[in-house]
Amino acid sequence: MKLDLFVQKTSNLYAENRLLKFVVLVLGITVIINSIFSYRALHYQKTVILPPVVDRRIVISGNDANEDYIKLFARYSIGLLENYSPVSVRAQFDELLKLVTPSFYPSFENTLADLTATVNTLMITSAFYPFRINVNKQKKTIAINGTKKQFTGSSVVDRGQSKTYIIGYVISNGRFFINDFKEVENK
């Protein structure tokens, strides 16, 4: 870059130096502004997922998700927990434990281990048919109402009692976690 504005070479060099400093300053400010907007855009980013088995739009944004996403995981979780046979119980419970928060893991693992032992000893098969799922996003709970049937061999142990389960959940970085699970008595 050569400027020939002035008669003296030194004046031209100073003008050239000032112009280069100005360009570097403008580029630096542009990079800073671009970085700020990129950082802010990451916090407002949403992920829209529509796998083949899902018939509704699922939106996950940071530590929040829409109700369809929560219901999908509620169905999946209750299916792993309440639909089992002696052959599948251990694998299903291991998969369910992947959805549990670290603080709830030890107590829930003990509960599932006891249930696994009972299922294998008595050869129990269970089926749960959910008919209503209510999500309370303020309290971060899911209420699942349904009918549960249990069999041992060819005899019926439980003939379709109506059951209600309450699942406490947390969504962390777009991932669903269970942090509480209770069976509530129907009135």
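For the structure, check the block above.
It should be emphasised that the depicted structure is a prediction, and the values quoted were computed from it without experimental measurement.

### Thoughts on the overall build of the chain
Point 1. For the chain, the count of helices and strands is four helices and seven strands.
Point 2. The order of α-helices and β-strands along the chain, N terminus first, is α-β-β-β-α-α-α-β-β-β-β.
Point 3. Seen along its three principal axes, the alpha-carbon backbone of the chain occupies a region of about 110 × 30 × 30 Å.
Point 4. Relative to its 187 residues, the chain shows a buried fraction of 31%.
Point 5. A separation threshold of at least 6 residues defines the contact pool for the chain, and within that pool the share at least 24 residues apart is 44%.
Point 6. Split by element, the accessible area of the chain, about 12,500 Å² in all, is 58% carbon and sulfur.

### Structural notes on the pairing of strand β2 (residues 58-61)
Point 1. Alignment of β2 against strand β3 (residues 64-65), held across two bridges, turns out to be antiparallel. Paired with Ser61 across the bridge in β3 is Asp64.
Point 2. Counted between consecutive antiparallel strands, the loop separating β2 from β3 contains two residues, among which Gly62 sits at a positive phi close to 65 degrees.

### Describing a nonpolar patch on the surface
Point 1. On the surface, a nonpolar cluster with roughly 430 Å² of combined accessible area is contributed by Leu19, Phe22, Val23, Val26 and Leu27.
Point 2. You can see Val26 is positioned in helix α1 (residues 9-43).

About the thresholds
- Residues numbered from 1 in each chain as written.
- Predicted model: local features only at pLDDT ≥ 70, side-chain atom pairs only at ≥ 80, totals over all residues.
- Heavy atoms only, no water.
- Helix = DSSP H or I, 4+ residues; strand = E, 2+ residues; numbered from the N terminus.
- Buried < 20%, exposed > 50% of the residue type's maximum accessible area, 1.4 Å probe, protein only.
- Contact = heavy atoms within 4.5 Å.
- Areas by Shrake-Rupley, 256 points an atom, 1.4 Å probe, with all protein chains shown as cover.
- Pairing = 2+ DSSP bridges.
- Patch = residues over 30% accessible without salt bridge, like charges linked within 9 Å, V, L, I, M, F, W, Y side chains within 5 Å.
- Salt bridge = Lys/Arg side-chain N within 4 Å of Asp/Glu carboxyl O.

Take it as geometry only, folks, not as evidence of what the structure does.
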